[in-house]
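Observations on the three-dimensional arrangement
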Amino acid sequence: MKQFKNIVLFIFLAAFAFSCEKHAVEYKTTDAAGLAEYQLHYFVPLAASTANNIYRVEVNGVVVANKSAPLTTYNAIPSGAVGRFYTVTPGTINIKLYQGTGETLVYDKSCTVKPGKQNIFVYDFNQDPIVFDNGYPYVPEVTENTGSTGWVKFYNFLFEAGGAPVTFKLQYQYQYTVDNSTGQKSDWINLGDPVGFGEATGWVGLPVNKTIFNSSGSARIDYRANVINSDGSDGGLLQVKNSSGNMVNYTDWWTLSIGRRFHQVLSGYRMQSPYCAVRQFTAL
């Protein structure tokens, strides 16, 4: 009986091994080593409307977006998932954008991309795009306890009225809740260095004082911006026109999650419609 059981066991194991070999799961992947990886951002200051959507995007003559998934204003492609990038051979690439359902060619410019991840911004139909290093690989927070940091990267694409970029730099600032029980907030803290139009800070770690210890954790972070004049002097808080036509200090807030990374892009017009706002994209 014991010998019979061993024979049965041997047959079972052999069949199991054969089954595993025959039905091995394979994933279709492409090695991106040495390739340029990019995300394309559309930040021309236009009203959010179907007429202004980009219904076809061509990069080096290859269609990467079409009517089934158009590139909308103040948005980016690839869409639908965090951390997705297109790939292309490093060097000079040509970008064509076709606007509206009639697919009118409105942009035909080139830029240079390098191996690795980058973010490409189209901000003016008459100007070449601006390419930013994505800052990957991301340095994680190392701690014996639960984490307490999230990261933000700020971009300045703010226009004045009439389509002219702002001529001053912006010092982006943040404030967080120090004590959740009392609601006490920190002083305003500089987020990176001042950046001019078409510039960005690096990745900056912000404290996330979560309210529930045994959780992934998130918290509200408040933001504002200081104007830095061309001579380096402080020009005071950034003022913008709101939808009621009044000049107000720019303020905003976003929820920041521990371990996550977010692009924050200030864009649109400071003095006319479409009024400026920060649009946020998740990098990680």
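Residues numbered from 1 in each chain as written. Predicted model: local features only at pLDDT ≥ 70, side-chain atom pairs only at ≥ 80, totals over all residues. Heavy atoms only, no water.

**Thoughts on the sheet that holds strand β2 (residues 54-59)**
The strand order across the open sheet built from four strands is β3-β2-β6-β7, with neighbouring strands paired in antiparallel fashion. Of all strands in the sheet, those bounded by a partner on one side alone are β3 (62-65) and β7 (104-113). Each strand axis lies, on average, 25° off the axis of its neighbour in the sheet, ignoring direction. In this sheet, β7 lies alongside strand β6 (residues 91-99) in antiparallel orientation, the contact comprising nine bridges. For I95, the partnering residue across the bridge sits in β7 and is K109. (Pairing = 2+ DSSP bridges. Helix = DSSP H or I, 4+ residues; strand = E, 2+ residues; numbered from the N terminus. Axes fitted to C-alpha atoms, helices over the stretch in contact; angles between N-to-C directions.)

**Remarks on the nonpolar core**
Among the nonpolar cores identified, the biggest contains 40 residues, and L170, L191, L206, L238 and L266 are the most heavily contacted of them. Contributions of two or more residues to this core are made by β10 (149-159), β11 (169-179), β15 (204-207), β16 (218-228), β21 (261-269) and β22 (277-282). In terms of residue count, the dominant contributor to this core is β10 (six residues). Not counting the four nearest positions on each side in its chain, L170 is found in contact with F154, N156, L158, D193, P194, V195, A225, N226, V227, L238 and L266. Counting residues in each nonpolar core, the second largest holds 22 residues, with A36, Y38, Y107 and C111 among its members. (Core = buried A, V, L, I, M, F, W, Y, C linked by side-chain atoms within 4.5 Å. Buried < 20%, exposed > 50% of the residue type's maximum accessible area, 1.4 Å probe, protein only. Contact = heavy atoms within 4.5 Å.)

**Examining the confidence of the model for the protein chain**
Of all residues in the protein chain, 86% have pLDDT values of 70 or greater, and the mean over the chain is 89. Contacts for the low-pLDDT stretch residues 1-22, under 50 throughout, to residues beyond four places or in other chains number zero contacts. (pLDDT = per-residue confidence, 0-100.)

**What to know about the environment of V59**
With respect to the element layout, V59 can be found in strand β2. Residue V59 is classed as buried on the basis of its relative accessible area, which comes to 5%. For V59 and I93, which are 34 residues apart along the polypeptide, the C-alpha to C-alpha distance reads 6.8 Å. Each residue touching V59, except ones within four places of it in the same chain, is listed here: Y38, V64, I93, N94 and I95.

**Some points on the pattern of salt bridges**
Under the counting rule described, the total for this entry stands at seven salt bridges. Between E58 and R56 there is a salt bridge whose closest N-O contact spans 3.0 Å. Residue R56 pairs with E103 through a salt bridge whose shortest N-O separation is 2.3 Å. Of this pair, R56 sits in strand β2 while E103 sits in the loop between β6 and β7; the two residues are 47 residues apart in sequence, bridging distant segments of the chain. Here E103 falls in the partly exposed class, since its relative accessible area comes to 21%. Salt bridges here are not isolated pairs; linked through shared partners, they connect R56, E58 and E103. (Salt bridge = Lys/Arg side-chain N within 4 Å of Asp/Glu carboxyl O.)

**Focus on the packing of aromatic side chains**
The full count for this structure, using the stated rule, is 20 aromatic pairs. Measuring from ring centre to ring centre gives 5.1 Å for Y136 and Y138, while their planes differ by 85°; the resulting arrangement is edge-to-face. The exposure class of Y136 is partly exposed, given its relative accessible area of 49%. The exposure class assigned to Y138 is buried, which follows from its relative accessible area of 15%. Between F154 and Y172 the ring centres are 3.9 Å apart and the planes differ by 15°, which places this aromatic pair in the stacked class. (Phe/Tyr/Trp six-rings, centres within 6.5 Å; stacked < 30°, edge-to-face > 60°.)

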